[in-house]
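Listed below are the residues making up each chain.
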Amino acid sequence: MKRILLLLSLIGTSALAQNFQTIDRVDGWLIERKLDSEQNHVCRASVVGGGSWFSARVHLNRNDALVVPNGLTSPNEASVASAREALRLCRSSLLYF
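Structure report, in brief. Residues take numbers from 1 onward in each chain, read along the sequence in its written order. In keeping with the model being predicted, local features are shown solely for residues with a pLDDT of at least 70 and side-chain atom pairs are shown and tallied solely at 80 or more, while totals for entire chains, interfaces and linings include all residues. Hydrogens and waters are ignored; side-chain quantities use all the structure's heavy atoms.

This part takes up the pairing of strand β1 (residues 21-26). Two strands pair if DSSP finds at least two bridges between them. Numbering of helices and strands runs from the N terminus; a helix is a DSSP stretch of H or I covering at least four residues, while a strand is a stretch of E covering at least two. The pairing of β1 with strand β2 (residues 29-35) spans five bridges and is classified as antiparallel. Bridging across to β2, T22 finds its partner in E32.

A word on the sheet that holds β2. Taken together, the five strands give an open sheet; going across it, the order is β1-β2-β3-β4-β5, and neighbouring strands pair in antiparallel fashion. Of all strands in the sheet, those with a lone pairing partner are β1 and β5 (66-67), marking the two edges. As paired elements, strand β3 (residues 41-47) and strand β4 (residues 59-60) share two bridges and run antiparallel to each other. Across the sheet, the residue bridging to S46 is H59, located in β4. Strand contacts of helix α3 (residues 77-92): β1, β2, β3, β4 and β5, with the helix running at about 165 degrees to β3, the strand carrying the most contacts. Two residues form a contact once any of their heavy atoms are found within 4.5 Å. Interaxial angle, 0 to 180 degrees, is taken between N-to-C directions of lines fitted to C-alpha atoms, where a helix line uses only the stretch in contact.

The definition used for a disulfide is geometric: two cysteine sulfur atoms within 2.5 Å. Applying the stated criterion to the full structure yields one disulfide. Each sulfur in the disulfide pair C43 and C90 lies 1.9 Å from the other. In this structure, the disulfide formed by C43 and C90 twists by about -80 degrees around the S-S bond and is classed as left-handed. With a gap of 47 residues between them, C43 in strand β3 and C90 in helix α3 connect regions that are remote in the sequence. This pair shows no difference in class: C43 is buried, exactly as C90 is. Each residue is assigned to one of three classes by its accessible area relative to the maximum for its type, calculated with a 1.4 Å probe on protein chains only: buried under 20%, partly exposed between the two thresholds, exposed over 50%.

Given below as structure tokens:
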């Protein structure tokens, strides 16, 4: 019975890892991470706000380039630098600190 419970908890953990989880908030940016199908961690950063991540949020793309959707204001460079540093930390290790 204990083995079944352990197996179920591991399956549940794996399922949760498929969605982005918040790991930090830095200068108005939301830093999130998830595990891909090969168990590599994927990190992203966006300015907290309404709407979908790609079309209605200021965010940094895979190359850490700033993406500002039409009608939104670009954050200041110090804020962007903080988000880039948080992404660097997120990508460098499974432990984030």
